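Residues per chain, in single letters:
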Amino acid sequence: MRADLLALTDDSLITLANRGIFKRAVKENTATPPEVTESADGTVEAVFPDGTRTTLTPGITLEAAPCTCGSTTICRHRIMAVLAYRTVAADSAESPGTNADLGTAVAEGDADTGGQAPADNVIGSSAEIAAAKTGTTDDAPSAESPRTAPWSPAAFTDDELRELLGARAFTAAKKALRAGYRATVRRATDRDPVPAVELSAVTVRFLVPGELGYARADASKGARPDAIALAVWAFRLADSLDPAAETLEVTVGDSADGSTAVAAAATVLTPLADLLNDGVAHAGPALPAVFSAALRTLDSASARWPHDALTELLDQLTAYRDRSARHDPLHTAALITELVARHRASARDWVPVLGTEEAARTPLRHLRLTGLGARITGDSESRTVETYLAHPEARIVLTLPVTAAIAEGAAAPTATALAARRTGTARLADLAAGNVVTESAVRSANRTVRLASSRVARTSVLPSTGDWSTLPPELLITDLDAEAARLTTLAPAVIRPRVHGASLRAVTVESIGEIRYLPGEQRLEATLRAPTGTATITQTHSAAAPGALDALAHTLSGDAGAPRYIAGFLHRRHGRLHLTPTAVVAGATVVVPCFADTAHAIGSAAADIHRDPLSEAVTTALALTAEVPHRGIRHLPPSWFTRAAEAVAALRRVGLRTAATALDTLRHALGSARGRPALDLWVTTHLRLQLTADQL
């Protein structure tokens, strides 16, 4: 029997074609299956009632298999041939892992002609019927798919890669290898028998053991021809480092020195020193132009993460000049610190710190996504809606941002109006709470995504009943204690990859504890109990989403149904896990609190506010050091040095002696230090305070 054909799972067939073609193939295969024969050399031929003939020759991929229907892409006949061959294999008892009843369960009413499948029409297995009823996707392997022996894509040779990709794509891959790149290697498991590699902006999956022709990247055809080679090389390194780990992050590179990117990251240091000396409040008109030149240098060197940070810093300078509420001195100080910290850390491992392997934008092929809610932010000039979409196949969260400008003198759009806005052809509210199938996604290096409007590459959204149980364990948390331990192993945020939604997770809810409202801080808190571990749910009132707080309280109370899952941003603070929700599954409904305009009364009593001397001391010190780049060293008033001495004493009182010494050293040095020495000393102090705050 043909092992390559039997290894093609339902999910793999959908990846090779699309869901619409697969559904139609299952339906027709159940009603009028083709006659299947297999010759001695392994050639499988399927003859259909209408005379169409499909030939599956060993060594020829499904796309290249000849079919008399004339289709130049994978047609339903090719899919039906594989499905029928599975049935024959099961009936002959030569494939013990297959299911002889494949395709016998068919839902009603498939009108799809082979393009996009818009609804819960025909599903080819009981697992898919269950998925249609619950609104989930098919990311887990189906029951009828045969199990295969463990194998590694590392076995593919460079000669095989060159033959598959062609000389140009293979040369591009070698160039990326010399520059170095980060990859997450995921080996085959019982849950997902297909090994995969997550690269910067694309995921590569190896659908059939030992068959390189069945390696697939989720980028559009021609967008990332080098990705398959990069994935194979990542597996080679992972196998040499730890062949047993199910998931392993690796930095791959031959002899990359990163000198171009590291030098580009250094171009911002002198203008940053000038900014620290003069201050944002006194920055001259020439400084933004100098930063813009550095921005172009970073872009040409593919230093993505410093490029993104400097872009935000320029926006902060513009916001201050325009007297916009968008300007935040603390955020400005954090961006300056990050740019210097990334340059420092690049001396050791420039690839993840500078993001040199990140492609700016990558168009993706057929995707199935799950909405995990949204968040609304903004000021008097604009509103931004970030919609979060789980990409189960890649085991990551993508962020879809949409910004609406507010005309001068006009009222800000309501949350309901923002929910009704469209991106591509879909409403934001539907995306945030639904199951999405799209062929028009374009992914950026920071895991943001946009949906293009296209008559050919459509996007469809199905309502979800909130069954997130099929999400991969990387995205669905049942053990909060283990997640807290994982967070402690991460590198400091200032040198991590700048990806949106990196800390967003869905959490299985065991129960919700006391819901309390802190009126002085306009914050709602509740206790979340997962099957293992607890976290504090926290949501602060925002004028951009005025109904979110009350909607969250109403949903957590169980009035709309018992909460089953909560999606949101997980982070550690004061030694505990805190979760800021983006969506709650209550009963069979996915609730997105930020889109609520109407209010529900919060019934629980206000809680007393217990002040934390540690947090207060560090917060005061951070605000004090953030004043330095805002005012400028040359413009610091005498009162700053007095307050700095008081902050030093406060830090010592609570036992933070190292932080106190750093701030005291800065206080004495700023009277005379200028230029790069002053920048280095200030960054060291502010960074120490930031890291101290993260550990509290």
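Above this note sits the structure.
The shown structure was predicted, so the numbers you read here are calculated from the model rather than taken from an experiment.

Caption draft 1: Quick look at the pattern of salt bridges. Taken as a whole and assessed by the stated rule, the structure comprises 39 salt bridges. R53 is paired through a salt bridge with E45; the nearest N and O atoms lie 3.0 Å apart. A relative accessible area of 25% means that E45 is categorised as partly exposed. With a shortest N-O distance of 3.3 Å, E393 and R205 are connected by a salt bridge. Here the residue E393 occupies a position in the loop between β11 (382-391) and β12 (396-405), and R205 occupies one in strand β6 (residues 203-206), the gap between them amounting to 188 residues. Summarising the burial analysis for this pair, E393 and R205 share the class buried.

Caption draft 2: Focus on the sheet that holds strand β17 (residues 449-451). Reading across the sheet, the 3 strands line up as β9-β16-β17 and stay open at both edges, with antiparallel pairing between neighbours. Both outer strands of the open sheet, β9 (361-363) and β17, are each paired with one neighbouring strand and no more. Ignoring which end each strand starts from, the neighbouring axes of this sheet average 20 degrees apart. Pairing geometry for strand β16 (residues 441-444) and β17, over 3 bridges, is antiparallel. The partner of R443 across the bridge, within β17, is V449.

Caption draft 3: Structural view of the packing of aromatic side chains. Counted according to the given criterion, the structure contains 8 aromatic pairs. The interplanar angle of 75 degrees and the centroid separation of 5.9 Å between the aromatic rings of W151 and F156 together place this pair among those described as edge-to-face. Neither W151 nor F156 differs from the other in exposure class; each is buried. Pairing F170 with W233 gives two aromatic rings, centres 5.9 Å apart and planes at 70 degrees, and the pair type is edge-to-face. Taken together, the positions of F170 in helix α7 (residues 167-179) and W233 in helix α8 (residues 227-241) put the pair 63 residues apart, joining distant regions of the chain. Assigned by exposure class, F170 and W233 land together as buried. An aromatic cluster is present here, built from W151, F156, F206 and F235 joined pairwise through their rings.

Caption draft 4: Main features of helix α17 (residues 548-556). Among the 9 residues in α17, 8 count as buried, and that is most of the element. Listed in full, the buried residues belonging to α17 are A548, L549, D550, A551, L552, A553, T555 and L556. Backbone geometry just downstream of α17 places G558 in the positive-phi region, at approximately 90 degrees.

Caption draft 5: Inspection of the sheet that holds strand β3 (residues 53-56) at higher detail. Strand order in the open sheet formed by 3 strands is β1-β2-β3, with antiparallel pairing between adjacent strands. A single partner strand is all that each edge strand has here, and the edge strands are β1 (35-38) and β3. Within this sheet the neighbouring strands show an average axis-to-axis angle of 15 degrees, counted without direction. Pairing geometry for strand β2 (residues 44-47) and β3, over 4 bridges, is antiparallel. In the sheet register, V47 faces β3, and the bridge partner there is R53. Across the face of the sheet, helix α4 (residues 76-91) comes into contact with β1, β2 and β3 while running at roughly 65 degrees to β3.

Conventions used here
- Residue indices follow the written sequence of each chain, beginning from 1 at its first position.
- Whole-chain, interface and lining totals are the exception, using all residues; otherwise, since this is a predicted model, local features are given only for residues with pLDDT of at least 70 and side-chain atom pairs are given and counted only at 80 or more.
- Remark: hydrogens and water are excluded; side-chain values derive from all non-hydrogen atoms of the structure.
- Should a side-chain nitrogen of Lys or Arg be within 4 Å of a carboxyl oxygen of Asp or Glu, the pair is scored as a salt bridge.
- We call a residue buried when its accessible area falls under 20% of the maximum for its residue type, exposed when it is over 50%, and partly exposed in between, using a 1.4 Å probe and counting protein chains only.
- Secondary structure is summarised from DSSP: a helix means a run of H or I of at least four residues, a strand means a run of E of at least two, and numbering begins at the N terminus for each.
- Only when DSSP finds a minimum of two bridges between them are two strands counted as paired.
- For helices, the fitted line uses only the C-alpha atoms of the stretch in contact; every axis is such a line through C-alpha atoms, and the angle between N-to-C directions lies from 0 to 180 degrees.
- Stacked, tilted and edge-to-face pairs are distinguished by plane angle, under 30 degrees for stacked and over 60 for edge-to-face with tilted covering the rest, among Phe, Tyr and Trp rings (Trp via its six-membered ring) whose centres lie within 6.5 Å.
- It only takes one pair of heavy atoms within 4.5 Å for two residues to be counted as in contact.

Shape is all these values report; function is a separate question.
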